[in-house]
Amino acid sequence: FEAFDRKGVLRAIAGGGRYDKLLETFGGDPTPAAGFGFGDAVIVELLKERNVLPSFESSDVDTVVFAMRPELYSVAINVASKLRKAGQKVDVVLEKKKPKWVFKHADRICAKYCLIVAPDEYEKQEVSVKNLELGEQTTVKIDALADW
């Protein structure tokens with residue numbers, strides 16, 4: 001099968017069918033199979049044409065939380081949870097990224113703050129908070145995040 005937009009202007013949005021002989025073709029055992037796929041480029045063009053493609057210019061994220069090391073990921077999740085309970089919209093980066101990448105990411109999504117969970121600060125039960133609008137950085141006690 002193939003799926004097209006109602007106007008039929010764009011190429012197929014999705015397609016699929018039965019692929020019972022596919023594995024045999026490559027030396028495998030006979031296996032009943034079905035599958036489908038769709039093209040993201042076609043979907044984007046269709047959404048643009050219909051004027052319903054969302055804008056990603058501003059994400060409304062207040063704070064990006066970043067753990068400097070994998071062993072601090074659980075702390076970052078806990079910190080993000082505290083901020084969310086306090087009403088903030090939070091994005092958490094749980095990947096091995098450099099701080100420079102995280103700050104650029106926070107800037108791209110128009111976040112107001114970047115909160116860094118780092119080993120030295122965590123030993124003192126603190127996190128570093130950078131105000132991205134002012135460029136100022138300070139530390140905040142983890143227990144006091146709800147009031148921050």
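Rules and cut-offs
Residues numbered from 1 in each chain as written. Predicted model: local features only at pLDDT ≥ 70, side-chain atom pairs only at ≥ 80, totals over all residues. Heavy atoms only, no water. Helix = DSSP H or I, 4+ residues; strand = E, 2+ residues; numbered from the N terminus. Buried < 20%, exposed > 50% of the residue type's maximum accessible area, 1.4 Å probe, protein only. Contact = heavy atoms within 4.5 Å. Core = buried A, V, L, I, M, F, W, Y, C linked by side-chain atoms within 4.5 Å. Pairing = 2+ DSSP bridges. Phe/Tyr/Trp six-rings, centres within 6.5 Å; stacked < 30°, edge-to-face > 60°. Lys NZ or Arg CZ within 6 Å of the ring centre and 35° of its normal. Expected span 1.5 Å × (residues − 1). Arc of directions from axis to C-beta.

## Observations regarding the environment of Val 102
Here is step 1 of the chain: Its place among the elements puts Val 102 in helix H4 (residues 99-108).
Here is step 2 of the chain: Looking at Val 102, the relative accessible area reads 1%, which means it is buried.
Here is step 3 of the chain: Along the primary structure Val 102 and Val 65 are separated by 37 residues, whereas in three dimensions their C-alpha atoms are 9.0 Å apart.

## Quick word on the side chain of Gln 88
Here is step 1 of the chain: The topology assignment puts Gln 88 in the loop between helix H3 (73-85) and strand S5 (90-93).
Here is step 2 of the chain: Residue contacts for Gln 88: discarding those within four places in its chain leaves Asp 62, Thr 63, Leu 83 and Trp 148.

## Quick look at the nonpolar core
In a soluble, globular protein the nonpolar side chains are often hidden away together inside.
Here is step 1 of the chain: The biggest cluster of nonpolar side chains holds 17 residues, and the ones touching the most others in it are Val 65, Val 79, Leu 83, Leu 115, Val 117, Val 127 and Leu 145.
Here is step 2 of the chain: Looking at this core element by element, the count peaks at 6 residues for H3.
Here is step 3 of the chain: Excluding residues within four positions of it along the chain, Val 79 makes contact with Val 65, Leu 115, Val 127, Ile 142 and Leu 145.

## Here we look at the pairing of strand S3 (residues 34-38)
Here is step 1 of the chain: In terms of burial, S3 is a largely surface element, 0 of the 5 residues being buried.
Here is step 2 of the chain: Note: strand S2 (residues 14-18) against S3, 5 bridges, orientation antiparallel. In the strand pairing of S3, Arg 18 is matched with Ala 34.

## Here's the deal with the packing of aromatic side chains
Here is step 1 of the chain: A full pass over the atoms with the stated rule returns 1 aromatic pair.
Here is step 2 of the chain: Ring geometry for Tyr 113 and Trp 148: centres 4.9 Å apart, planes at 70°, overall edge-to-face. Placement of the pair is Tyr 113 in strand S6 (residues 113-117) and Trp 148 in the segment after strand S8 (136-141), with a sequence separation of 35 residues.
Here is step 3 of the chain: Looking at Lys 97, its charged tip hangs above the ring of Trp 101, at a distance of 4.5 Å from the centre.
Here is step 4 of the chain: Taking the ring centre of Trp 101 as reference, the NZ or CZ of Arg 108 above it sits at 5.9 Å.

## Remarks on H3
Here is step 1 of the chain: Compared with an ideal rise of 1.5 Å per residue, which puts 13 residues at 18 Å, H3 spans 18 Å between its outermost C-alpha atoms and is within 8% of the ideal.
Here is step 2 of the chain: For H3, the set of buried residues is Tyr 73, Val 75, Ala 76, Val 79, Ala 80 and Leu 83. Each buried residue of H3 lies within a common arc of 155° when the element is viewed along its axis, so the set occupies one face. Away from the buried face of H3 by more than 90 degrees, exposed residues Ser 74 and Lys 85 are located.
Here is step 3 of the chain: Contacts made by the buried residues of H3 are with strand S4 (63-67), S5, S6, helix H5 (119-123) and strand S7 (126-131).
Here is step 4 of the chain: Positive phi appears at Gly 87, one or two residues downstream of H3, with a value of about 100°.

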